[in-house]
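Structural description and commentary
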Amino acid sequence: MKLRALLTKGEEIRFISHLDYAALIERAIRRAKLPVAYSEGFNPHMKFSFASALAVGVTSEAEVMDVELSHRISQPEAWDRLAAALPTGVRLLRLVPYEGKAKSLMAAVDRAEYCVRVPYAGAEEAARCAVAAFFAAPEVIYRRILPKKTREVDAKAYLKKMHVEKDGQELLLTIAIAVTPSGSLKPGEAVELLAHDFGLNIEPKQAKIHRTALLSGGKDLFALIES
(Lines give C-alpha, C1' and ligand atoms only; values in the text may rest on other atoms or scores of the structure.)
Protein backbone atom coordinates (compact mmCIF):
# COMPACT_ATOMS: atom_id res chain seq x y z
CA MET A 1 0.00 0.00 0.00
CA LYS A 2 1.14 3.53 -0.74
CA LEU A 3 -0.02 7.00 0.22
CA ARG A 4 0.13 9.96 -2.13
CA ALA A 5 0.21 13.25 -0.22
CA LEU A 6 -0.18 16.87 -1.26
CA LEU A 7 1.82 19.19 0.99
CA THR A 8 2.68 22.86 1.24
CA LYS A 9 5.94 24.71 1.71
CA GLY A 10 5.14 27.99 3.45
CA GLU A 11 6.84 31.32 3.97
CA GLU A 12 8.31 30.12 7.26
CA ILE A 13 10.58 27.62 5.49
CA ARG A 14 10.90 29.07 1.98
CA PHE A 15 14.68 29.43 2.26
CA ILE A 16 15.49 25.83 3.18
CA SER A 17 16.77 23.48 0.47
CA HIS A 18 14.84 20.60 -1.03
CA LEU A 19 17.04 18.14 0.89
CA ASP A 20 16.29 19.92 4.15
CA TYR A 21 12.58 19.94 3.30
CA ALA A 22 12.69 16.19 2.64
CA ALA A 23 14.46 15.69 5.98
CA LEU A 24 11.68 17.65 7.74
CA ILE A 25 9.06 15.42 6.18
CA GLU A 26 10.99 12.25 7.04
CA ARG A 27 11.13 13.29 10.69
CA ALA A 28 7.40 14.06 10.61
CA ILE A 29 6.65 10.60 9.20
CA ARG A 30 8.67 9.08 12.05
CA ARG A 31 6.78 11.17 14.63
CA ALA A 32 3.49 10.12 13.05
CA LYS A 33 4.46 6.46 13.59
CA LEU A 34 3.18 5.48 10.17
CA PRO A 35 4.04 1.87 9.20
CA VAL A 36 6.55 2.95 6.56
CA ALA A 37 8.41 0.39 4.48
CA TYR A 38 12.22 0.48 4.40
CA SER A 39 14.72 -0.61 1.80
CA GLU A 40 16.90 -3.65 2.45
CA GLY A 41 20.65 -3.78 2.85
CA PHE A 42 23.28 -2.38 5.22
CA ASN A 43 21.83 1.14 5.16
CA PRO A 44 18.01 0.84 4.99
CA HIS A 45 16.16 4.02 4.14
CA MET A 46 12.54 5.07 4.29
CA LYS A 47 10.64 4.50 1.05
CA PHE A 48 9.27 7.91 0.17
CA SER A 49 9.84 10.25 -2.76
CA PHE A 50 8.85 13.65 -4.11
CA ALA A 51 7.68 14.62 -7.57
CA SER A 52 9.97 17.56 -8.31
CA ALA A 53 12.55 19.48 -6.29
CA LEU A 54 11.60 23.04 -5.40
CA ALA A 55 14.11 25.86 -5.72
CA VAL A 56 15.29 27.64 -2.57
CA GLY A 57 13.14 30.71 -1.83
CA VAL A 58 10.04 29.36 -3.58
CA THR A 59 6.85 28.55 -1.66
CA SER A 60 4.38 25.92 -2.79
CA GLU A 61 0.92 24.45 -2.48
CA ALA A 62 1.85 21.56 -4.76
CA GLU A 63 4.50 19.36 -3.11
CA VAL A 64 3.49 15.81 -4.01
CA MET A 65 4.96 12.85 -2.13
CA ASP A 66 4.58 9.08 -2.31
CA VAL A 67 5.28 7.00 0.78
CA GLU A 68 5.23 3.20 0.80
CA LEU A 69 3.75 1.38 3.79
CA SER A 70 4.55 -2.08 5.13
CA HIS A 71 0.88 -2.77 5.91
CA ARG A 72 -2.53 -1.19 5.52
CA ILE A 73 -3.76 1.76 7.51
CA SER A 74 -7.02 3.65 7.06
CA GLN A 75 -6.92 7.01 5.30
CA PRO A 76 -8.50 8.91 8.25
CA GLU A 77 -5.96 7.47 10.69
CA ALA A 78 -3.04 8.18 8.36
CA TRP A 79 -4.32 11.75 7.83
CA ASP A 80 -4.68 12.44 11.54
CA ARG A 81 -1.24 11.06 12.39
CA LEU A 82 0.64 12.82 9.60
CA ALA A 83 -1.18 16.16 9.80
CA ALA A 84 -0.49 16.37 13.55
CA ALA A 85 3.22 15.60 13.08
CA LEU A 86 4.04 18.13 10.35
CA PRO A 87 6.25 21.09 11.30
CA THR A 88 5.46 24.79 10.98
CA GLY A 89 5.35 25.79 7.33
CA VAL A 90 3.99 22.46 6.09
CA ARG A 91 0.30 21.58 5.80
CA LEU A 92 -1.35 18.42 4.51
CA LEU A 93 -3.87 19.26 1.79
CA ARG A 94 -4.70 15.84 0.37
CA LEU A 95 -3.92 12.20 1.13
CA VAL A 96 -4.94 9.30 -1.12
CA PRO A 97 -4.11 5.62 -0.50
CA TYR A 98 -3.51 3.38 -3.51
CA GLU A 99 -2.21 -0.06 -4.42
CA GLY A 100 -0.47 -1.61 -7.38
CA LYS A 101 2.14 -0.14 -9.65
CA ALA A 102 2.14 3.52 -10.64
CA LYS A 103 4.59 5.58 -12.63
CA SER A 104 7.13 7.22 -10.33
CA LEU A 105 6.34 10.81 -9.49
CA MET A 106 9.58 12.14 -10.98
CA ALA A 107 8.94 10.28 -14.24
CA ALA A 108 5.28 11.34 -14.37
CA VAL A 109 5.66 15.12 -13.97
CA ASP A 110 5.91 17.02 -17.23
CA ARG A 111 4.68 20.50 -16.29
CA ALA A 112 4.97 22.87 -13.33
CA GLU A 113 2.90 26.01 -12.83
CA TYR A 114 3.83 29.06 -10.78
CA CYS A 115 2.49 32.42 -9.65
CA VAL A 116 5.09 35.19 -9.42
CA ARG A 117 4.56 38.56 -7.74
CA VAL A 118 7.14 41.31 -8.08
CA PRO A 119 7.05 45.07 -7.35
CA TYR A 120 6.42 47.00 -10.58
CA ALA A 121 5.84 50.70 -11.20
CA GLY A 122 5.54 50.51 -14.98
CA ALA A 123 2.57 50.10 -17.30
CA GLU A 124 0.91 46.74 -17.86
CA GLU A 125 1.28 47.15 -21.62
CA ALA A 126 5.06 47.46 -21.30
CA ALA A 127 5.14 44.18 -19.39
CA ARG A 128 2.98 42.52 -22.02
CA CYS A 129 5.35 43.73 -24.73
CA ALA A 130 8.34 42.22 -22.89
CA VAL A 131 6.58 38.86 -22.65
CA ALA A 132 5.55 39.02 -26.31
CA ALA A 133 9.15 39.79 -27.30
CA PHE A 134 10.31 36.72 -25.39
CA PHE A 135 7.96 34.40 -27.27
CA ALA A 136 8.73 36.10 -30.61
CA ALA A 137 12.50 35.62 -30.25
CA PRO A 138 13.96 32.72 -32.28
CA GLU A 139 15.82 31.53 -29.19
CA VAL A 140 16.38 32.72 -25.64
CA ILE A 141 19.49 31.44 -23.90
CA TYR A 142 19.85 31.49 -20.13
CA ARG A 143 23.39 30.99 -18.86
CA ARG A 144 23.20 28.94 -15.70
CA ILE A 145 26.33 29.35 -13.60
CA LEU A 146 27.29 26.10 -11.88
CA PRO A 147 30.15 25.52 -9.41
CA LYS A 148 32.53 24.22 -12.08
CA LYS A 149 31.02 25.40 -15.36
CA THR A 150 28.42 27.55 -17.07
CA ARG A 151 25.58 25.76 -18.83
CA GLU A 152 23.48 27.33 -21.59
CA VAL A 153 19.75 26.56 -21.34
CA ASP A 154 17.30 27.26 -24.16
CA ALA A 155 14.51 28.88 -22.16
CA LYS A 156 12.05 28.69 -25.06
CA ALA A 157 12.21 24.90 -24.96
CA TYR A 158 10.74 24.95 -21.44
CA LEU A 159 8.69 28.11 -20.89
CA LYS A 160 5.27 27.21 -22.30
CA LYS A 161 3.02 29.96 -21.01
CA MET A 162 3.30 33.33 -19.31
CA HIS A 163 0.28 35.48 -18.52
CA VAL A 164 0.92 38.95 -17.14
CA GLU A 165 -1.27 41.53 -15.40
CA LYS A 166 -0.82 44.53 -13.14
CA ASP A 167 -2.15 44.12 -9.61
CA GLY A 168 -1.78 47.38 -7.71
CA GLN A 169 1.92 48.08 -7.31
CA GLU A 170 2.86 44.53 -8.29
CA LEU A 171 3.18 42.58 -11.49
CA LEU A 172 1.49 39.20 -11.41
CA LEU A 173 2.99 36.55 -13.70
CA THR A 174 1.35 33.16 -14.22
CA ILE A 175 3.96 30.79 -15.62
CA ALA A 176 3.85 27.23 -16.98
CA ILE A 177 7.17 25.40 -17.42
CA ALA A 178 7.85 22.03 -19.05
CA VAL A 179 9.65 19.45 -16.92
CA THR A 180 11.59 16.94 -19.02
CA PRO A 181 14.11 14.12 -18.41
CA SER A 182 16.80 16.36 -19.90
CA GLY A 183 16.04 19.31 -17.65
CA SER A 184 13.80 22.30 -17.08
CA LEU A 185 13.84 26.04 -16.40
CA LYS A 186 13.47 27.60 -12.97
CA PRO A 187 10.77 30.29 -12.69
CA GLY A 188 13.33 32.69 -11.23
CA GLU A 189 15.45 32.22 -14.35
CA ALA A 190 12.48 33.19 -16.51
CA VAL A 191 12.02 36.36 -14.44
CA GLU A 192 15.73 37.18 -14.82
CA LEU A 193 15.51 36.83 -18.61
CA LEU A 194 12.53 39.18 -18.82
CA ALA A 195 14.38 41.80 -16.78
CA HIS A 196 17.86 41.51 -18.29
CA ASP A 197 17.18 40.49 -21.91
CA PHE A 198 13.76 41.99 -22.64
CA GLY A 199 13.80 45.25 -20.71
CA LEU A 200 11.12 44.54 -18.12
CA ASN A 201 11.68 47.09 -15.36
CA ILE A 202 11.64 44.78 -12.33
CA GLU A 203 14.18 43.58 -9.79
CA PRO A 204 14.27 39.75 -10.04
CA LYS A 205 15.56 39.36 -6.47
CA GLN A 206 12.34 40.95 -5.19
CA ALA A 207 10.11 38.37 -6.88
CA LYS A 208 8.01 36.09 -4.67
CA ILE A 209 7.49 32.78 -6.43
CA HIS A 210 4.80 30.25 -5.51
CA ARG A 211 4.28 26.86 -7.11
CA THR A 212 0.60 26.19 -7.75
CA ALA A 213 0.55 22.85 -9.59
CA LEU A 214 2.48 19.84 -10.85
CA LEU A 215 0.88 18.09 -13.82
CA SER A 216 1.24 15.00 -15.98
CA GLY A 217 -0.34 15.10 -19.42
CA GLY A 218 -2.53 17.99 -18.32
CA LYS A 219 -3.84 16.14 -15.24
CA ASP A 220 -2.87 16.44 -11.61
CA LEU A 221 -0.79 13.65 -10.15
CA PHE A 222 -3.69 12.24 -8.15
CA ALA A 223 -5.72 11.57 -11.28
CA LEU A 224 -3.04 9.04 -12.27
CA ILE A 225 -3.87 6.80 -9.31
CA GLU A 226 -7.61 7.47 -9.11
CA SER A 227 -8.50 6.62 -12.71
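First, a word on scope: everything that follows refers to the structure included in this document. Everything numeric in this text was worked out from a predicted model, so none of it was measured.

**Observations concerning the layout of surface pockets**
- If you add up the space inside the largest pocket, you get close to 550 Å³.
- As for the largest pocket, its lining consists of 25 residues, and the residues nearest its centre are Ser52, Ala53, Val179, Ser184 and Lys186.
- At the level of elements, α3 (105-108) and β5 (111-119) are the ones that each hand at least two residues to the lining of the largest pocket.
- Looking at the lining of the largest pocket, its residues break down into 16 nonpolar, five polar and four charged.
- Roughly 360 Å³ of internal volume is contained in the second largest pocket.
- If you trace the second largest pocket, you find 19 residues lining it, with Gly188, Glu192, Pro204, Lys205 and Ile209 closest to the centre.
- No other element matches the six residues that helix α5 (residues 187-197) contributes to the lining of the second largest pocket.

**What to know about the pattern of salt bridges**
- Counted by the stated rule, this structure contains 13 salt bridges.
- In this structure, glutamate 170 and arginine 117 form a salt bridge, with 3.1 Å as the shortest nitrogen-oxygen distance. Here the residue glutamate 170 occupies a position in strand β9 (residues 170-178), and arginine 117 occupies one in strand β5, the gap between them amounting to 53 residues.
- You can call arginine 117 partly exposed: its relative accessible area is 29%.
- For arginine 128, the salt bridge identified is with glutamate 124, shortest N-O distance 2.6 Å. Here arginine 128 pairs with glutamate 124, and both are found in helix α4 (residues 124-136), just four residues apart, close to one helical turn.
- Here the salt bridges do not stand alone but share partners, grouping Arg117, Asp167 and Glu170 into one network.

**Regarding α5**
- All of the buried residues in α5 are Pro187, Glu189, Ala190, Val191, Leu193, Leu194 and Ala195.
- Those residues of α5 hidden inside the fold are in contact with β5, α4, β6 (141-145), β8 (159-167), β9 and β10 (208-216).

**Overview of α4**
- Along its 13 residues, α4 runs 18 Å from first to last C-alpha, staying within 8% of the 18 Å computed at 1.5 Å per residue.
- Against the buried residues of α4 lie β8, β9 and α5.

Conventions adopted
Residues numbered from 1 in each chain as written. Predicted model: local features only at pLDDT ≥ 70, side-chain atom pairs only at ≥ 80, totals over all residues. Heavy atoms only, no water. 1 Å grid on protein atoms, 1.4 Å probe; cavity = no way out; pocket = protein on both sides within 12 Å on 5 of 7 lines; lining within 4 Å. Points joined across faces, edges and corners; volume = space filled by probe spheres on them. Helix = DSSP H or I, 4+ residues; strand = E, 2+ residues; numbered from the N terminus. Nonpolar A, V, L, I, M, F, W, Y, C, P; charged D, E, K, R; others polar. Salt bridge = Lys/Arg side-chain N within 4 Å of Asp/Glu carboxyl O. Buried < 20%, exposed > 50% of the residue type's maximum accessible area, 1.4 Å probe, protein only. Contact = heavy atoms within 4.5 Å. Expected span 1.5 Å × (residues − 1).

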